[in-house]
Amino acid sequence: MEPLISIKNLKKRFGKEQVFENLNLEVFKEEILVIMGASGSGKSTLLNIIAELDSDYEGEIWRAKELSEGVTIPYPMVFQESESLLPWMNVMENIRLVAPQIKDDRLMSLLKEVEMADDHHKYPKELSGGMKQRVGIARALACRSKILLMDEPFASLDGMLRAKLQDLIRTIKVRDALTVVFVTHDQAEAERLGDRIIQLNTKMK
Amino acid sequence: MLKKPVVYRLFFISILIIIWELAAHFGPYPDALFPSLVAVVKRLGMLVMEEALLLKALNSISIVLIGMIISALIALTLSLLGIYLPFIKENTKLLNSVASPLPGIALLPIVILWLGLTSKAMMLIMVHAMLWPMVTTLTLALERVHFKYLRLIKVFKIPFWRRISTIYLPGIINDVFAGFEIAWSRGWRTLLSVEMIFGIVGSHSGLGWLIYERRMYMDTAGMLAGLIAIAVCGVLFESVLFKAKRWEVFIGTTDLH
């Protein structure tokens, strides 16, 4: 399998605390890689490093050229519900915020994909947690990137809803030939969703 | 049906009126020092008709509003720059901690020496009175919104001006109104003190000067009428215009926090 991202000997510390030491990891094309670990194990930190949000580390990270070719946002992310949507914008405006050039028909087809087309004029306060996360997924897909980063997006949702959205991610991944890096602390979610699972220990040495 | 708090207030005000009237009619004070409320209300009517009380009130209000807008613009600029430039952030904090405890009236002597009894001097005092509480409110609000949506901004590479217009400004709108409310109460108090010292600036005078001027004519009813006008303006602004909840509903950001 062809790697899209290759991480070698990654070292990261916050002050005196070592988060990673010599972490090696490859993200392969069109897989769902689940990063698991307890709170404080560095899951979100690793995702931030992959997304180029954090450059304060040692080690090598190689990224395939195709990740940044023809896209302005190469590493779109779906966040947790609390930092997801802007409450003063409706569904369409929240998507247009990150993709201002998107055409109406493309936007509506994205919303159809995540079953939110009928709610496109609603504000976040009118949406359930699951609906908000569907919009978050549509917003990330609007960037037309080859990779989708997801930081515990379903953490605040109940089991049934979670399973539905996990199925949605699997469907989208296959249809759009996407690579997904999914962070969670939930073993069942990791097993249900992941093609591959890596476990981060709290003290990874 | 009247709500209980309203009944309590009306009851309390009625008692105050009765006590006042009894003191005015049967107390040892001459009418010139302690006029009855009827005389005060008559005087208020006369001031409205003959001395352009409403115009004076509008003049005072407009000075506070202009000062408030200038303060808000400066506070917004400093707070926005402070998010990205540590130099600005630290020095704004320093200036705020030094200048905030200084009442505007304490600066008057030096400002009068530098700028004279001019409208510029008055505006400087007003901006000083209103700027710092607005800086504190807006800086905290912008930092909260910035950090809440920092990853969204970075991941989706939202350009600076779009960030301001679509994230920062809508995100802090309720805090702007809260800042206006604090600034208004500080500015209004400062203005009245300043007006008493400045008197007539240009061709305008305000409510502060009106009550000061009434004292020179030994017009106690006029002074009390002026105080009533000041209180009414204050209550109107604080309880009607700056009640942020009303704006939240209007703007649709009620679930922001």
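Residues numbered from 1 in each chain as written. Chains lettered and ligands numbered in written order. Predicted model: local features only at pLDDT ≥ 70, side-chain atom pairs only at ≥ 80, totals over all residues. Heavy atoms only, no water.

Student: How would you summarise the interface of chain A and chain B if you had to cite specific residues and measurements?
Tutor: The partner chain B presents 19 residues to the 26 residues of chain A that form the contact. Taking both sides of the interface into account, the surface hidden between chain A and chain B amounts to around 2,000 Å²; carbon and sulfur atoms contribute 63%. Looking at the side of chain A facing chain B, the largest losses of area belong to Leu53, Trp88 and Leu97 of chain A, adding up to 32% of the total buried there. At the junction of chain A and chain B, the tally comes to one salt bridge. Between Arg151 of chain B and Asp151 of chain A there is a salt bridge whose closest N-O contact spans 2.6 Å. Remark: the boundary between chain A and chain B carries four residue pairs in polar contact (both at pLDDT 80 or more). Looking at the side of chain A that touches chain B residue by residue, the class counts come to 17 nonpolar, four polar and five charged. (Contact = heavy atoms within 4.5 Å. Buried area = accessible area lost by both parts, 1.4 Å probe. Salt bridge = Lys/Arg side-chain N within 4 Å of Asp/Glu carboxyl O. Polar contact = N/O pair within 3.5 Å; in protein donor to acceptor, adjacent residues only side chain to side chain. Nonpolar A, V, L, I, M, F, W, Y, C, P; charged D, E, K, R; others polar.)

Student: So what's going on with the sheet that holds strand β8 (residues 196-200) of chain A? Which residues, and what values?
Tutor: Reading across from one edge, β5-β6-β7-β3-β8 (chain A) is the order of the five strands in this open sheet, with parallel pairing throughout. The two strands at the open ends of the sheet, each matched to only one other strand, are β5 (77-78) and β8 of chain A. (Pairing = 2+ DSSP bridges. Helix = DSSP H or I, 4+ residues; strand = E, 2+ residues; numbered from the N terminus.)

Student: Give me the packing of aromatic side chains: which residues, what numbers.
Tutor: Going through the model one piece at a time under the given rule, you end up with 11 aromatic pairs over all chains. For the ring pair Phe154 of chain A and Phe182 of chain A, a centre distance of 5.7 Å and an interplane angle of 50 degrees mean the geometry is tilted. Of this pair, Phe154 of chain A sits in the loop between β6 (147-151) and α5 (159-176) while Phe182 of chain A is found in strand β7 (residues 179-184), placing the two residues 28 residues apart along the sequence. The same class applies to Phe154 of chain A and to Phe182 of chain A, which are both buried. Put simply, the rings of Trp20, Tyr29 and Phe34 of chain B touch in pairs and so form one group of aromatic residues. (Phe/Tyr/Trp six-rings, centres within 6.5 Å; stacked < 30°, edge-to-face > 60°. Buried < 20%, exposed > 50% of the residue type's maximum accessible area, 1.4 Å probe, protein only.)

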